[in-house]
Amino acid sequence: MSLKNEYLIGLMGRVIARNPGEAEFHQAVREVLESLEPVIEKNPQFIENGIIESIVEPERIIKFRVPWVDDSGKVQVNRGYRIQFNSAIGPYKGGLRFHPSVTESVIKFLGFEQIFKNSLTGLPIGGGKGGSDFDPKGKSDREVMRFCQSFMTELYKYVGADVDVPAGDIGVGGREIGYLFGQYKRITSTFHGVLTGKGIPYGGSLARTEATGFGLCYFTEELLKDKGTSFEGKTVVVSGSGNVAIYANQKATELGAKVVAMSDSNGYIYDKNGVDLKAIKQIKEVERKRIKEYLNYHPEAEYHEGCSGIWKIKCDIALPCATQNEIDEASAKALVANGVMAVCEGANMPSTPEAIEVFQSSGVFFGPAKAANAGGVATSALEMSQNSMRYSWTFEEVDAKLHDIMVNIYRNISAAAEEYGMKDNLVAGANIAGFMKVANAMNAQGVV
Ligand code: NDP
Ligand code: 2IT
């Protein structure tokens, strides 16, 4: 698809000029603007009132130095970010990513997509994202702690339970959230739900750890049901082996599928008997080692170096759960040639625009990230609710709410696509449904 509307072409040009060299951000904005063409024809007030012009501009960008001392006594300096993108429907909400590939463009694309994703959950949360180019890999627990303490020593000025509530993302899990929370509590002498993904003993929600992966499968299950099929007996490929990938594997397996491959940034494993998730959890969650170690548990499995080969494995359903742009046009074509039926995105923006085009033109059921992976942030919002109530729900209660939220997201985006004459185009449906709620809220609040 390409932009045809003159106003949107001009706006895209201004976004590129104002954010030079930020390829990931441009990619995320272009996709949304493409979906909005039929919306602005029906709603000229969004142009008159500068709503689209405003939604592509972050409310605030915070960028800071993060100095810390490593185990050898050497000073290390990283860069920290928090982008508070849009607060029209609630406090800024979104994860923190610690990975050497983090740049302002990456955080901006993630923060921008978070606005629409959070809107789709139906819960009152605005869009934000943050992170650092710090690499937790190979660092001792004490180094990670010192880094997190330094990061929060600056970030605490800008966050708060009713202001901005960060959570995890790549490289930020329970350990990092614990250190960040401890430092916030110490500096402010308050016990607030300022972060989500907290440990259960100090305000975390049951089922938050599982939520993104489980939610992805609940969404996919609803899509498959709508198309007259299910996970039962299907072969699934899941990329990544982190938080999202592990619990996507678990739920897909519980729903009757066989997951035959997983990966990390070095390579992928193929186990035709079905991946042994207990071994993966031991390697990744406990020992923090490479996925190659899987061969020590299952010598009959295969290990291949490099990430993209995983998409050449024959499967019915592909769940990309690693990182942005991990499926390019060639990988999408390989999946289609092998008869893939559905691709649902656990990671944020894992398919390039060319790959999405391949899926959509081949009749593959395609569930975009903003909708399919919204279960994590939705459950974070449920954690915020429980913190506000000073109460906690059981695992089953949270899981049932998550399930309902994901089913509703599928139905809402599917209905929006149909309403705007693009039946089955869930990319357009998600962008439009997510946009409408935020745009109407911005419109009602005036020029702010
Ligand atoms: P984790 O850090 O737990 O795991 C990330 C996984 O992806 C690891 O297996 C990692 O391999 C792999 N990976 C990361 N970067 C790359 C890369 N550049 N190339 C290849 N593989 C890579 O992160 P999460 O599971 O939390 O996040 C995965 C994706 O899901 C991200 O896109 C994130 O934004 C998205 N997401 C996460 C949510 C959450 O609640 N955590 C919610 C919604 C979306 P390695 O260990 O080798 O680095
Ligand atoms: O991309 C995402 O939605 C997340 N990393 C989760 C954010 C959150 O606030 O739980």
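These numbers come from a predicted model, not from an experiment.

Undergrad: For this particular structure, what's the right way to read the site of ligand 1?
TA: In the region of ligand 1, 26 residues are neighbours, and K137, D169, T212, S265 and R290 sit closest. In the environment of ligand 1, an oxygen atom lies 2.9 Å from a nitrogen or oxygen atom belonging to the backbone of N243. Isolated, ligand 1 exposes 890 Å² of accessible area, and the fraction of that covered by the protein chains is 85%. By residue class, the composition of the shell around ligand 1 is six nonpolar, 13 polar and seven charged.

Undergrad: Explanation requested: the site of ligand 2 in the structure shown.
TA: In the region of ligand 2, 14 residues are neighbours, and K93, K117, D169, R208 and S380 sit closest. One of the side-chain N or O atoms of K129 is found 3.0 Å from an oxygen atom in ligand 2. S380 has a polar side-chain atom sitting 2.5 Å from an oxygen atom of ligand 2. Out of a free accessible area of 300 Å², ligand 2 has 93% covered by protein chains.

Undergrad: Before we go on, may I ask you to explain the nonpolar core in this structure?
TA: Nonpolar side chains in soluble globular proteins tend to be buried together. By size, the foremost hydrophobic cluster in this structure holds 58 residues, and its most contacted members are F219, M262, I280 and L319. The element that contributes the greatest number of residues to this core is helix α8 (residues 208–226), accounting for eight residues. When sequence neighbours within four positions are dropped, the list of residues in contact with F219 reads C344, G367, A371, A372, M406, I409, Y410, I413 and L426. Grouped together as the second largest cluster of nonpolar side chains are 42 residues, I40, A88, F112 and F435 included.

Undergrad: Explain a nonpolar patch on the surface to me, please; I cannot follow it from the model alone.
TA: There is a patch of nonpolar side chains on the surface, built from V69, V75 and V77 and spanning about 250 Å² of accessible area. By relative accessible area, which is 54% here, V77 ends up exposed.

Undergrad: When you look at the sheet that holds strand β4 (residues 126–132) in this model, what are you seeing that I'm missing?
TA: Sheets are built from strands paired through backbone hydrogen bonds, the pairs being either parallel or antiparallel. Within the open sheet, the five strands sit side by side as β1-β2-β4-β3-β5. Their pairing is mixed. The open sheet terminates on both sides in strands that have one partner only, identified here as β1 (60–69) and β5 (164–167). The mean angle between the axes of side-by-side strands here comes to 20 degrees, regardless of whether they run parallel or antiparallel. The pairing of strand β3 (residues 92–98) with β4 spans five bridges and is classified as parallel. Bridging from a neighbouring strand, K93 pairs with G127 of β4. In this fold helix α6 (residues 141–155) packs onto β1, β2 (75–86), β3, β4 and β5, with an angle of close to 140 degrees to the strand it touches most, β1.

Undergrad: In this structure, what is going on with the environment of K423? I would like to understand it.
TA: The residue K423 is located in the loop between α16 (395–419) and α17 (426–445) in this model. For K423, a relative accessible area of 55% puts it in the exposed group. Counting along the chain gives 62 residues from K423 to S361, while the straight-line C-alpha distance between them is 13 Å. Ignoring anything within four residues of it in the chain, the contact list for K423 reads A417 and E418.

Undergrad: Honestly, the pairing of β5 in this entry has me stumped. Any pointers?
TA: Taken residue by residue, a regular strand's side chains alternate between the two faces of the sheet. Residue alternation in β5 divides its side chains into two sets, D164 and P166 and V165 and A167, and both sets are buried. Of the pairings in the sheet, the one linking β3 to β5 comprises four bridges and is parallel in character. Bridge pairing in β5 links K93 to V165.

Undergrad: Explanation requested: the packing of α8 against helix α15 (residues 375–389) in the structure shown.
TA: A pair of packed helices is characterised by two quantities: the angle between their axes and the separation of those axes. The geometry of α8 relative to α15 is characterised by a closest axis approach of 7 Å and an angle of 145 degrees between their N-to-C directions. Where α8 crosses over α15, the handedness of that crossing is right-handed. On α15, the residues that touch R208, A211 and T212 of α8 are G375, G376, V377, T379, S380 and E383. Grouping the amino acids of the contact of α8 with α15 by side-chain chemistry returns two nonpolar, five polar and two charged.

Undergrad: What exactly am I supposed to notice about the sheet that holds strand β10 (residues 317–319) here?
TA: Strand order in this open sheet of seven strands is β9-β8-β7-β6-β10-β11-β12, and the pairing throughout is mixed. At either margin of the open sheet sits one strand with a lone partner, and together these are β9 (302–305) and β12 (365–367). With strand direction ignored, the average angle separating the axes of adjacent strands in the sheet is 15 degrees. Sheet topology note: the strand β11 (residues 342–344)/β12 ladder contains three bridges and is parallel. Bridging across to β12, A342 finds its partner in F365.

Undergrad: Explain the packing of helix α2 (residues 23–42) against helix α5 (residues 104–120) here, please?
TA: The geometry of α2 relative to α5 is characterised by a closest axis approach of 6 Å and an angle of 25 degrees between their N-to-C directions. Taken as axis vectors, α2 and α5 run roughly parallel relative to one another. Residues A23, E24, F25, A28, V29 and V32 of α2 form the contact with α5, whose own contacting residues are S105, V106, K108, F109, F112, E113 and F116. For the contact of α2 with α5, the class distribution of residues is nine nonpolar, one polar and three charged.

The rules we used
Residues numbered from 1 in each chain as written. Chains lettered and ligands numbered in written order. Predicted model: local features only at pLDDT ≥ 70, side-chain atom pairs only at ≥ 80, totals over all residues. Heavy atoms only, no water. Near = heavy atom within 4 Å. Polar contact = N/O pair within 3.5 Å; in protein donor to acceptor, adjacent residues only side chain to side chain. Areas by Shrake-Rupley, 256 points an atom, 1.4 Å probe, with all protein chains shown as cover. Nonpolar A, V, L, I, M, F, W, Y, C, P; charged D, E, K, R; others polar. Core = buried A, V, L, I, M, F, W, Y, C linked by side-chain atoms within 4.5 Å. Buried < 20%, exposed > 50% of the residue type's maximum accessible area, 1.4 Å probe, protein only. Helix = DSSP H or I, 4+ residues; strand = E, 2+ residues; numbered from the N terminus. Contact = heavy atoms within 4.5 Å. Patch = residues over 30% accessible without salt bridge, like charges linked within 9 Å, V, L, I, M, F, W, Y side chains within 5 Å. Salt bridge = Lys/Arg side-chain N within 4 Å of Asp/Glu carboxyl O. Pairing = 2+ DSSP bridges. Axes fitted to C-alpha atoms, helices over the stretch in contact; angles between N-to-C directions. Left-handed = near helix turned anticlockwise from the far one by under 90°. Parallel < 35°, antiparallel > 145°, perpendicular 65-115°, else oblique.

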